[in-house]
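Per-entry structural report
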Amino acid sequence: MSSAEDRVNALRGYKATLSNPRVSKEAKQHAQDVLDNELGGEQVHDDFYQSRGDDQKDPNRVRAGLKAATHNPGVSDAGKRSAAEKYTQQFGQGPDE
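Quick caveat, the model's predicted, so the values are computed rather than measured. (Residues numbered from 1 in each chain as written. Predicted model: local features only at pLDDT ≥ 70, side-chain atom pairs only at ≥ 80, totals over all residues. Heavy atoms only, no water.)

A closer look at the nonpolar core
Ranked by size, the top nonpolar core spans five residues in total: A10, L11, V34, L35 and L39. Among the secondary structure elements, those contributing two or more residues to this core are α1 (4–19) and α2 (25–39). The element that contributes the greatest number of residues to this core is α2, accounting for three residues. When sequence neighbours within four positions are dropped, the list of residues in contact with V34 reads Y14 and L39. (Core = buried A, V, L, I, M, F, W, Y, C linked by side-chain atoms within 4.5 Å. Buried < 20%, exposed > 50% of the residue type's maximum accessible area, 1.4 Å probe, protein only. Helix = DSSP H or I, 4+ residues; strand = E, 2+ residues; numbered from the N terminus. Contact = heavy atoms within 4.5 Å.)

Topic: the packing of aromatic side chains
In total, this model carries one aromatic pair according to the counting rule given. For the ring pair Y87 and F91, a centre distance of 5.1 Å and an interplane angle of 55 degrees mean the geometry is tilted. One end of the pair is Y87 and the other is F91, both in helix α5 (residues 77–91) and four residues apart, which spans about a single turn. One Lys or Arg, R63, reaches over the ring of F91 and ends 4.1 Å from the middle of that ring. (Phe/Tyr/Trp six-rings, centres within 6.5 Å; stacked < 30°, edge-to-face > 60°. Lys NZ or Arg CZ within 6 Å of the ring centre and 35° of its normal.)

Structural notes on the packing of α1 against α2
Contact pair α1 / α2: the axes reach a minimum separation of 8 Å and the direction vectors enclose 145 degrees. At the point where α1 passes α2, the crossing takes the left-handed sense. Contact residues: R7, A10, L11, Y14, K15, T17 and L18 in α1; A27, K28, H30, A31, Q32, V34, L35 and L39 in α2. Among the residues making up the contact of α1 with α2, the classes are represented as nine nonpolar, three polar and three charged. (Axes fitted to C-alpha atoms, helices over the stretch in contact; angles between N-to-C directions. Left-handed = near helix turned anticlockwise from the far one by under 90°. Nonpolar A, V, L, I, M, F, W, Y, C, P; charged D, E, K, R; others polar.)

Here is the structure:
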C-alpha cells in the first residue's frame, strides 16, 4: 500500500471484517493478523493525519471533548476525573470554571 490514505482505508476494511457477523472465523483471524502485523495500528492514522497536514488537534475541539466527558453520564467516575485533570493541565483551569 502506497499512501497513508490507502493504508487507513485498508485498516477500516479489516476492522469492518472483524465486526461483521457474516464473516468466517478464518477471515476474521486473517484480518486481525494483518492489523497486528502489517498495517501498524494507530501509526496508520498518525501518518495519515500528518500527510494531510492536520497532525495537531484543534484546541477548541479538545476543550469541548474533555468538558463533555466530565458531564456525560456514560463516562465512568474515573474517566470523568481523568478528563477533568487533562482539561486542567492543558487549559489551566477546571472545566466548569
